[in-house]
Structures are given as C-alpha cells and as structure tokens.
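# Working through the structure, step by step
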Amino acid sequence: MNKIIFVIISIFFSFPAYADMSNDNKSKAWDCSGIYLSNYFLPIGETFEYSMKEKSMSSVKVLKEYALEIGIPEKEWDQGVNKAADKHYGSKFDKAKTEECHTFLEGLIPNGKERVNKVVLY
C-alpha cells in the first residue's frame with residue numbers, strides 16, 4: 001500500500017517538471033516569434049511568397065498557445081515576444097533562419113507541424 005501511495009505522489013509531483021520550457025527553449029521560441037513577425041512586416045521591395053507570411057503568423061500563434069498551455073504567464077510571454085519583435089523588425093527575409101525556426105517549433109511542440117498547418121488552413 002505504501003508503494004502505491006508513493007508512486008501516486010511521485011507521479012503527481014513530476015507533472016510540473018514536464019510542464020515547463022527550459023530558459024534556452026523559451027529564448028529560442030521568443031527569437032523565432034520575432035523572426036516570424038518580421039517576416040510578416042517585411043520592408044518595402046522585399047520579395048516573398050504569401051504562404052510564408054501565413055505560416056509565420058500561424059507559427060507565432062501556435063508558439064503562444066503552447067506557452068500558455070504549459071503554464072507560462074501570458075504577460076511574460078508577450079514581453080519576450082515584444083523584445084524579439086523589436087530586435088528583428090525591419091529585417092530582410094532570411095529563409096535559413098525561418099526554416100531553422102520551423103524545425104525548432106516542430107521539435108519543441110508535440111504535433112507542432114500539424115498544429116501550424118491546422119491554423120494556416122483556417
């Protein structure tokens with residue numbers, strides 16, 4: 001009986017460890033959000049595919065939804081995104097950085113690619 005109680009308590013207290021994003025991942029997610037937002041607000045004369053803008057905005061939304069799901073306060077998330085957006089605002093489109101962010105998102109968020117595609121389709 002003691003073992004069963006111990007297992008139940010162990011499982012209960014281990015959930016917060018899974019419901020957290022490391023500081024490195026949080027910083028990378030914020031940076032990617034800034035890159036995605038800069039893709040949406042490209043400088044005049046920059047060439048792009050419209051689908052890239054849609055995917056970028058969908059990715060920002062999915063990253064925020066995931067952050068809120070795992071318990072990051074919305075105010076904290078928004079502050080990090082705003083700093084990253086200021087950092088990248090006015091940047092030229094960088095396909096390599098954008099693809100790196102897509103790969104990061106898909107690895108960080110369970111079913112990340114599907115979640116982004118679902119938002120793009122709406």
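Okay, so let's go over this structure. (Residues numbered from 1 in each chain as written. Predicted model: local features only at pLDDT ≥ 70, side-chain atom pairs only at ≥ 80, totals over all residues. Heavy atoms only, no water.)

## Section: the pattern of salt bridges
Put simply, the rule is: One speaks of a salt bridge when a side-chain nitrogen belonging to Lys or Arg is within 4 Å of a carboxyl oxygen belonging to Asp or Glu. The helix count covers DSSP runs of H or I at least four residues long, the strand count covers runs of E at least two residues long, and both are numbered beginning at the N terminus.
Throughout the structure, instances matching the rule amount to six salt bridges. Here Glu76 ties to Lys26 by a salt bridge, and the two come within 2.9 Å at their closest N and O atoms. Taken together, the residues span a long stretch of sequence, with Glu76 in helix α4 (residues 74–88) and Lys26 in helix α2 (residues 23–40) at a distance of 50 residues. In this structure, the salt-bridge partner of Asp31 is Lys87, at a minimum N-O distance of 3.2 Å.

## Overview of the environment of Gln79
Residue placement: Gln79 occurs in helix α4. In the structure, Gln79 is positioned 49 residues away from Trp30 in sequence and 9.3 Å away in space, judged by C-alpha atoms.

## Notes on the state of the cysteines
Applicable threshold: The criterion for a disulfide is a pair of cysteine sulfur atoms lying within 2.5 Å. For the exposure calls, accessible area comes from a 1.4 Å probe over protein chains only, and a residue counts as buried if that area is under 20% of its type's maximum, exposed if over 50%, partly exposed in between.
In this structure the tally under the stated criterion is one disulfide. A sulfur-sulfur distance of 2.3 Å marks the disulfide that ties Cys32 to Cys101. Disulfide Cys32-Cys101: the torsion about the S-S bond is -85°, which places it as left-handed. Separated by 69 residues along the polypeptide, Cys32 in helix α2 and Cys101 in helix α5 (residues 95–108) bring together distant segments of the chain. Residue Cys101 is classed as buried on the basis of its relative accessible area of 1%.

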